[in-house]
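Geometric and topological summary
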Amino acid sequence: MTKDLVEPELAEPTTRADASARRWRLDRIGMWAVPLVALAAGLAFVLINVHYNGGRYIPPLDDAYIHAQYAKQIGQGEFLQYNDGDPISTGASSLLYVLVLGAFYFLGVHGGLFLPVAVLFGVVCHALTAGGVVLLGRRVAGPVAGAWAGFLVALSGPLLWGASSGMEVSITSLLLVGTLLVLVRELPSGVFRFTPVLVALAALCRLEALVFLLVVPSLMIYVSARRARSLPARFGSLVWCALPFAVIAAQLLFYLATTGHSSPNGSQAKSHLSMPNLSLGELAGKTADNFSAFMEILAGLNRQDFAFPGALALAALGVAVLVRDGGPRRWVGWTIGVGTILALGAISTMGTALWQQVRYLQPFLPLFVLAAVIGLIEVGKRLRLGDKTPVALLAVAALFTALSVPTWVHNAVQDSGGIRERVVALANWTKGNLPEDARLGVHDVGAAAYLGGHPTVDLVGLTTNGLAEPALNGMGALYEELRAMSPEDRPDYIAIYDRMPDGVQLEHLADAGVLGAPVLSLPVMTVYKADWSLIDTGDEPIRPVTGTIRDYVDVGSMTSEADHDHEVHTARAGFQPMTEARTLETGGHEVVDSARHIIGEEEFTLHDLVPGRQVRLIARHDSTGPKPGLYTGARDVRVYADGTDLGKHWLKPEQKGWSETVITIPGHLVTGPDLTIRLAPMSPFGPSPDFQAFGYWAVQ
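Below, the structure is looked at part by part. Keep in mind it's a predicted model, so treat the numbers as computed, not measured.

The rules behind these values
Residues numbered from 1 in each chain as written. Predicted model: local features only at pLDDT ≥ 70, side-chain atom pairs only at ≥ 80, totals over all residues. Heavy atoms only, no water. Core = buried A, V, L, I, M, F, W, Y, C linked by side-chain atoms within 4.5 Å. Buried < 20%, exposed > 50% of the residue type's maximum accessible area, 1.4 Å probe, protein only. Helix = DSSP H or I, 4+ residues; strand = E, 2+ residues; numbered from the N terminus. Contact = heavy atoms within 4.5 Å. Expected span 1.5 Å × (residues − 1). Phe/Tyr/Trp six-rings, centres within 6.5 Å; stacked < 30°, edge-to-face > 60°. Lys NZ or Arg CZ within 6 Å of the ring centre and 35° of its normal. Patch = residues over 30% accessible without salt bridge, like charges linked within 9 Å, V, L, I, M, F, W, Y side chains within 5 Å. Areas by Shrake-Rupley, 256 points an atom, 1.4 Å probe, with all protein chains shown as cover. Salt bridge = Lys/Arg side-chain N within 4 Å of Asp/Glu carboxyl O. Axes fitted to C-alpha atoms, helices over the stretch in contact; angles between N-to-C directions. Parallel < 35°, antiparallel > 145°, perpendicular 65-115°, else oblique. Left-handed = near helix turned anticlockwise from the far one by under 90°. Nonpolar A, V, L, I, M, F, W, Y, C, P; charged D, E, K, R; others polar. Pairing = 2+ DSSP bridges. Arc of directions from axis to C-beta. Lys, Arg positive; Asp, Glu negative; His and termini not counted. Charge placed at Lys NZ, Arg CZ, Asp CG, Glu CD.

Formed by 167 residues in total, the largest nonpolar core has its most connected members in Tyr65 and Leu180. For this core, the leading source of residues is helix 4 (residues 114-141), giving 13 residues. With residues up to four places along the chain from it excluded, the contact list for Leu180 reads Leu136, Leu213, Val216, Val332, Thr335, Ile336 and Leu367. Counting residues in each nonpolar core, the second largest holds 25 residues, with Val553, Phe604, Ile663 and Leu679 among its members.

Taking 1.5 Å of rise per residue, 13 residues should cover 18 Å, and helix 2 (residues 63-75) covers 18 Å from first to last C-alpha, within 8% of that figure. Of all 13 residues that make up helix 2, 13 are buried, and the element is covered over most of its length. Following helix 2 by one or two positions, Gly77 has its phi on the positive side, about 90°.

Now for the packing of aromatic side chains. In total, this model carries 13 aromatic pairs according to the counting rule given. Taking the centre distance of 6.2 Å and the plane angle of 50° together, the rings of Phe254 and Tyr255 count as tilted. Relative accessible area serves as the criterion here: at 4%, Tyr255 is assigned to the buried category. Geometry around Trp532 places Arg490 over its ring, the cationic atom sitting 5.7 Å from the centre. Note that Arg678 overlies the ring of Tyr640, its terminal NZ or CZ placed 4.3 Å from the centroid.

The next thing to look at is a nonpolar patch on the surface. On the surface, Leu214, Phe245, Trp334, Val338 and Leu342 cluster together into a nonpolar patch covering about 380 Å² of accessible area. Of the residues forming the nonpolar patch, the biggest block, 3 residues, is contributed by helix 16 (residues 327-348).

Time to look at the packing of helix 5 (residues 143-154) against helix 18 (residues 389-433). Look at helix 5 against helix 18: their axes get within 10 Å of each other, and the N-to-C directions meet at 15°. In this view, helix 5 runs roughly parallel relative to helix 18, as classed from their interaxial angle. Two packed elements cross with a definite hand, and for helix 5 against helix 18 that hand is right-handed. Here helix 5 contributes Val144, Trp148 and Leu152 to the contact with helix 18, which in turn contributes Val391, Leu394, Ala395, Ala397, Ala398 and Thr401. A class-by-class count of the residues in the contact of helix 5 with helix 18 yields 8 nonpolar, 1 polar and no charged.

Taken in spatial order, the 5 strands line up as 2-1-3-5-4 in an open sheet, and their pairing is mixed. In the strand order of this sheet, the two ends are held by strand 2 (456-458) and strand 4 (518-521), each with one partner. With direction set aside, neighbouring strand axes in the sheet form an average angle of 20°. As paired strands, strand 4 and strand 5 (residues 525-529) are joined by 3 bridges and run antiparallel to one another. Counterpart to Leu520 in the pairing with strand 5 is Val527. Helix 18 rests against strand 1 (440-442), strand 3 (493-497), strand 4 and strand 5 of the sheet, and its axis sits at about 35° to strand 5.

So, about helix 15 (residues 311-325). Taking 1.5 Å per residue as the helical rise, helix 15 with its 15 residues ought to reach 21 Å, and the 21 Å between its terminal C-alpha atoms agrees with that figure. Among all positions of helix 15, only Ala311, Leu314, Ala315, Gly318, Val319, Val321 and Leu322 are buried. End-on, the buried residues of helix 15 take up no more than an arc of 160°, which puts them together on one face. For helix 15, the secondary structure elements touched by its buried residues are helix 4, helix 14 (280-298), helix 16 and helix 17 (365-383). With its phi angle positive at about 75°, Gly326 sits one or two positions after the end of helix 15.

What follows concerns a negative patch on the surface. A contiguous patch of negative charge, built from Asp563, Asp565, Glu567, Asp608, Asp642 and Asp674, is present on the exposed surface. Looking at the element boundaries, Asp563 is found in helix 23 (residues 558-563). Here Asp563 falls in the partly exposed class, since its relative accessible area comes to 47%.

Let's shift gears to the pattern of salt bridges. Within the structure shown, the criterion is met by 19 salt bridges. Residues Asp536 and Arg483 are paired through a salt bridge, measuring 3.0 Å at the closest nitrogen-oxygen approach. Taken as a pair, Asp536 in the loop between strand 5 and strand 6 (549-554) and Arg483 in helix 21 (residues 475-484) lie far apart in primary sequence, 53 residues in all. The exposure class assigned to Arg483 is buried, which follows from its relative accessible area of 13%. Through salt bridges with shared partners, one network takes in Arg324, Asp325, Arg329, Glu378 and Arg382.

Dropping the structure here:
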């Protein structure tokens, strides 16, 4: 464990003086030139962005404005309150980053200066990261590896995109590299003073960073337990080394206490685990697809221009070299190897894993590049074609890296142009066209809040608590959650961007006819004046009811579904029982209701029934579908009440939108206040029912 570090060279020098001179030159180049190159390249990205956007910096994604808005609120004393007076929310993807930016704001960095300072902070972190890679490479593999790895990091297109994005990419990378650099200094002595702090800060920056560094606190605990001689000293060392776990536990407990959910809103909105009725096989398949895409990207086998060709295999070899050489470098190798796999696995569970130029992968790239450079040097040495072979191979890798930079410049300005034309344009329009206190419901709330100045409702649930899962369940569930809000919390206006192939399909909310008239209609967005006058019209059957309504299962409302143990057992692998909202004109007036698409079985439990009395279950269904040929399943279902077969029920098709039919449940089956109803196929292997379920009223 305390083995002296050996710094391997590319080839045996002829004299000791030559070796010393060579090492001095490489160290000098790495220590000073690499950070300066990284700083210059980062500033160049920013200046190109400013030039492209007419003298104004526009970040390549709206999330940068989300961080800026949280930071502004923190600087003004409203901790994690996205709008004035809002409850605490967890829409920022990095708690540490918004705290740092909040400190800038508190110190007087306001107005038009704030965002440029935040971006400059990212560029400086990128330069320090490149310099840290030089130092780390020098300690674990020699000055050649450190200098080359540092240059490849400094000129990495994806890292420059991240550094100039206004996001937490560069500070996360810096903390990861800094953690391993401090680890190799403290590991020989077995006394860890600063490593636990850096791991904790990295974890606060991105939770995936703790996953990546998971080997480190485990190693520190093991070494400290063996080294300490007295029981108090051992206990104190173990507690200090466990600091990262304590910090994350405290963060999650704080989220739970303030929001009712320990997972950040971003995790709820983006994770496959939040999808309705997700099977283990489907989760495994989606995760494996993302992981496979990451492998292809890191191998340099696609047009992403993320890494030079063969980088993945070379990084694996580099990890093996570090582990083979022993000493502290062994644990650097284990951390990079195991950490990369764990971090990629964690990110792969996200539905947005490959979005936004694969930004979730970017913070781990510097250490991956270092491992790849070590592997490339090893290949050059093994080829035995001459002393310059490793340098030639490294030059080829550098050439591929340099050639990718123009592509990433193009990506950055193209992404910022999209943000300018959509979210920034919307924010500027709202300042002069909406009432001062009007609440704006919108997808991508960063610029809308930070630049527009209006309170916002995040329709995908990042900065507004409680909307993430409904949005993922479809527009019916989202509509039900919005109508359950108090009138002062509901959005007064709703902005919907042009139709997007991925993500939450907010345009379906407009298609359902549940919004008011457009007040702005452009090719890239439409703004509606919200009309909530019809929100309660779907809560009763269309025809008058004889008797008393004892219970109402509002299918599509996740709250009502949870209260009634509503479940969907799908008959098709990969099918998600999404919800929709629909407006129907009947009896001279309009009715709005939500529904969930069922293919297979539906089950729920009725409450508050009078035992011994017959129940007339009024069922609102649509078995025709809004488009011909969409619904191809059976229209007959077999109904069960607490397991008793009630026989066949016909889901009557109705071209106008839905139909209401009655299921009669004999009184002798109502043995208590609760009764479980199941609608199933007519036979186990027969055609599956395919319908939209809107709701059920239990009448006695």
